[in-house]
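Secondary and tertiary structure notes
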Amino acid sequence: AIAYLKQGDVVAIPTETVYGLAGNALNEEAVLHIYEAKQRPRFNPLILHVPSFDKFSLYARDIPDDCRKLADKFSPGPLTFLLLKQDTVPDLVTAGSDKVAIRIPAHPVTLSLLQQLDFPLAAPSANPFGYVSPVTAEHVYDGLQGRIPYILDGGTCSVGLESTIVGFDSEGIILYRHGAIPQESIEEVTGKPVRQI
């Protein structure tokens with residue numbers, strides 16, 4: 001998997017939520033391969049996967065204290081943070097937005113993979129666009145065989161539900177997508193109400 005990713009290919013990787021279709025997030029060719037393999041519209045941004053919170057500042061700026069509090073509690077895990085992006089992140093990854101979504105997956109195989117790479121992985125779910133997100137390597141193969149060179153088999157995903165996505169502004173915390181971490185848990189950690197968009 002490492003060899004394919006370093007040469008700009010895409011591979012399917014296991015996370016605790018669902019299998020992801022991963023490529024080097026800093027390589028626009030690799031990011032294009034993700035969109036092509038999924039047949040995903042390019043106005044649909046991708047999530048960056050990194051091995052630890054100290055990597056966030058390489059790809060995001062003005063990281064608020066509430067982000068750190070939530071990361072301390074829920075990361076690695078199924079919580080994604082929407083933050084102002086650094087210029088190092090290609091616009092193709094964020095669909096032109098000035099914000100980037102970042103998370104630390106809780107699957108030991110993928111964490112080990114990320115720790116051995118010197119770039120983050122952009123990884124939406126590893127299924128054709130509009131289909132159910134895969135929770136096994138077999139499910140990925142059924143949907144993407146012939147379109148990607150490699151599937152890193154990490155067994156069945158333990159959560160099987162997309163990550164929760166939160167963002168931050170001057171008024172507090174915004175819930176962009178419901179997922180595996182409930183709104184009440186986020187409010188409990190930060191002591192602040194969460195509003196939905």
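Per chain, residue numbering runs from 1 following the sequence as it is written. In view of the model being predicted, local features appear only for residues whose pLDDT reaches at least 70, and side-chain atom pairs are presented and counted only at 80 or more, with totals across whole chains, interfaces and linings using the full set of residues. Water and hydrogen atoms play no part in the side-chain values, which are based on all heavy atoms of the structure.

Considering the nonpolar core
As used here, the term nonpolar core means buried Ala, Val, Leu, Ile, Met, Phe, Trp, Tyr and Cys residues forming a set that is joined through side-chain atoms within 4.5 Å. Exposure categories follow from relative accessible area, calculated using a 1.4 Å probe and restricted to protein chains: below 20% of the type maximum is buried, above 50% is exposed, and the middle band is partly exposed. Ranked by size, the top nonpolar core spans 44 residues in total, and within it F56, F81 and V166 carry the most contacts. Not counting residues up to four positions away in its chain, the partners in contact with F81 are F56, C67, L70, A71, S75, V100, A101, I102, V166 and F168. The criterion used for residue contact is that any of the two residues' heavy atoms lie within 4.5 Å.

Quick word on the environment of F81
Looking at the secondary structure, you find F81 in strand 5 (residues 79-85). With relative accessibility at 0%, the residue F81 sits in the buried group. In this structure, the C-alpha to C-alpha distance between F81 and P149, residues 68 residues apart in sequence, is 30 Å. Numbering of helices and strands starts at the N terminus; helices are DSSP runs of H or I of at least 4 residues and strands are runs of E of at least 2.

Side note on the pairing of strand 9 (residues 164-169)
Taken across its 6 residues, strand 9 has 5 buried, putting it largely inside the fold. When DSSP locates at least two bridges between a pair of strands, those strands are taken to pair. Two elements, strand 5 and strand 9, share 4 bridges in a ladder whose sense is parallel. Note on strand 9: the bridge partner recorded for F81 is V166. The hairpin formed by strand 9 and strand 10 (residues 172-177) contains 2 residues between the paired strands.

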